[in-house]
Amino acid sequence: MKLNIALLPGDGIGPDVVVQAVKSLQAVADAFGHTFHFEEALVGAIAIDKTGDPLPEETLAVCKKSDAVLFGAIGDPKYDNDPKAKVRPEQGLLKLRKSLGLFTNIRPIKAYPTLIEKSPLKKDIISGTDFTIYRELTGGIYFGEKKISEDGTIASDLCEYSEAEIERIAHLAFKATRSRKNKLTLVDKANVLETSRLWRRVVTTIGKSYPDVELDFLFVDNAAMQIILNPSQFDVILTENMFGDIISDEGSVIGGSIGLLASASVGSDIAMFEPIHGSYPQAKGKDIANPVASILSAAMLLEHFNLKEEAETIQYAVEKSLEKGVVTPDLDKNSTYGTNKVGDFIADFILHAEDTTQVNKENIEFGQSTII
Ligand code: IPM
Ligand code: MG
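Keep in mind that what you see is a predicted model, and the values were worked out from it rather than measured.

Caption draft 1: Examining the UniProt feature "domain: Isopropylmalate dehydrogenase-like" (unreviewed entry) in the protein chain more closely. Per the UniProt record, "domain: Isopropylmalate dehydrogenase-like" (unreviewed entry) is found at residues 4-346. The annotated region residues 4-346 carries 42% helix and 19% strand content, and the separation between its end C-alpha atoms amounts to 22 Å.

Printed below as a string of structure tokens:
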């Protein structure tokens, strides 16, 4: 298969991790006889620095002519600490999501058996956890009208949803349960918010066309508690933009590190794949960022194009790296492996590995083949 992939490394550790995902994709291309063509473009704080715009027209054009987008991270502390800033890096990401019509963000949350001890949560609570969050991505409070009074003392953000916006993501979420455990949980705040009551009504109606799917409802405050109290009760969680943003970071604790969580944003046409972690500016260029979330996002990209075996090959290589302890310091503070070495190991494993492979740690240190 031939694929044109737009690369938007963005800010902070974005460039550090996207390079590693590209290595894995290249390894898959070599191993399976595909051709992936990459084209890089600017987004975020770096785009503001160079062009004044967090999403330059040229970047959008590169994305639109590609088959898929691989995104790194966005954000820079110089904007976080300046409430008066008129232009912000995050606006680039939001505009990109909106312009590409990426109304559904899919965030899988899984407890890796090899990492179960790393999570701050107790092993017997998190073992067996495997759920996916379907987060609405182009509506709600993120995109409603924003106001600030002239004297700057009163502000508001409008949260608005239409039936149509709820219906399209709800269908995707219901369908997703069918290749899983046939259970959908709508997370909302229907005891307080009108928008949530609309979500409940629309999702209940749609549920009638999926009689094989068990549908239940949870208020978001309770859901936040249940996710760390009894996460294995969930299969697919469907929720609006802001609630999804919050509970997906919470869910990342289950996996042991936010550096492991990948996501896919899909919609009308071109899809985008990105780690859920932020730009982690303190780690930029230090060769310590965990590349796994970005690499697993590349696997989701392959899955999106029905390259299932290829995606599984990446996932398997990642699992091997975790199992063999070829991990960045967020997962093992005594680890001597950096971003690059972990990326090399995974790419190398994709190309050469078999289950019986022995890892030659000395070779990893030298950046040579990891396989004996
Ligand atoms: C995410 C991020 C973004 C969001 C930020 C960077 C705008 O937190 O993708 O979860 O809030 O959607
Ligand atoms: Mg977030």
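Caption draft 2: Structural view of the packing of helix α12 (residues 308-323) against helix α13 (residues 339-352). One can describe the packing of α12 onto α13 by two numbers: an axis separation of 9 Å at closest approach and a directional angle of 125°. Classified by the angle their axes make, α12 and α13 are oblique. Handedness of the crossing formed by α12 with α13: right-handed. Contact residues: T313, I314, Y316, A317, V318, K320 and S321 in α12; F345, I346, F349 and I350 in α13.

Caption draft 3: Examining the sheet that holds strand β8 (residues 183-188) more closely. The 10 strands are arranged β2-β1-β3-β12-β11-β4-β5-β10-β8-β9 in an open sheet whose pairing can be described as mixed. Since the sheet does not close on itself, it has two edges, and those belong to β2 (35-40) and β9 (214-219), each with one partner. Averaged over neighbouring strand pairs, the angle between their axes works out to 25° when direction is ignored. Note that strand β11 (residues 262-266) and strand β12 (residues 271-275) share four bridges and pair antiparallel. Residue pairing for β12: A262 is matched across the bridge by P275.

Caption draft 4: Structural detail: helix α1 (residues 14-32). Taking 1.5 Å per residue as the helical rise, α1 with its 19 residues ought to reach 27 Å, and the 27 Å between its terminal C-alpha atoms agrees with that figure. Buried within α1 are the following residues: G14, D16, V17, V18, Q20, A21, V22, S24, L25, A27, V28 and A29. Among the residues trailing α1, G33 stands out with phi positive, at a value near 75°.

Caption draft 5: View of the pairing of strand β10 (residues 236-239). A two-sided burial pattern is seen for β10, the buried positions comprising V236 and L238 on one face and I237 and T239 on the other. In the sheet, strand β5 (residues 130-136) pairs with β10 via four bridges, with the strands oriented parallel. Bridge pairing in β10 links Y134 to L238.

Caption draft 6: The site of ligand 1, seen in detail. Near ligand 1, the surroundings consist of I74, E90, R97, R107, R135, Y142 and D245. Contact between ligand 1 and R135: an oxygen atom at 2.8 Å from a side-chain N or O atom of the residue. Measuring from an oxygen atom of ligand 1, one finds a side-chain N or O atom of D245 at 2.9 Å. Calculation on ligand 1 without its partners gives an accessible area of 320 Å², and the protein chains cover 79% of this total. Tallied by class, residues from the shell around ligand 1 come to two nonpolar, no polar and five charged. The residue makeup of the shell around ligand 1 includes at least three contributed by each of domain 1 (1-103 + 267-372) and domain 2 (114-256).

How each quantity is defined
- Residues numbered from 1 in each chain as written.
- Chains lettered and ligands numbered in written order.
- Predicted model: local features only at pLDDT ≥ 70, side-chain atom pairs only at ≥ 80, totals over all residues.
- Heavy atoms only, no water.
- UniProt positions renumbered as here; feature names shortened; annotations may be inferred.
- Helix = DSSP H or I, 4+ residues; strand = E, 2+ residues; numbered from the N terminus.
- Axes fitted to C-alpha atoms, helices over the stretch in contact; angles between N-to-C directions.
- Parallel < 35°, antiparallel > 145°, perpendicular 65-115°, else oblique.
- Left-handed = near helix turned anticlockwise from the far one by under 90°.
- Contact = heavy atoms within 4.5 Å.
- Pairing = 2+ DSSP bridges.
- Expected span 1.5 Å × (residues − 1).
- Buried < 20%, exposed > 50% of the residue type's maximum accessible area, 1.4 Å probe, protein only.
- Near = heavy atom within 4 Å.
- Polar contact = N/O pair within 3.5 Å; in protein donor to acceptor, adjacent residues only side chain to side chain.
- Areas by Shrake-Rupley, 256 points an atom, 1.4 Å probe, with all protein chains shown as cover.
- Nonpolar A, V, L, I, M, F, W, Y, C, P; charged D, E, K, R; others polar.
- Domains from an automatic or database assignment.

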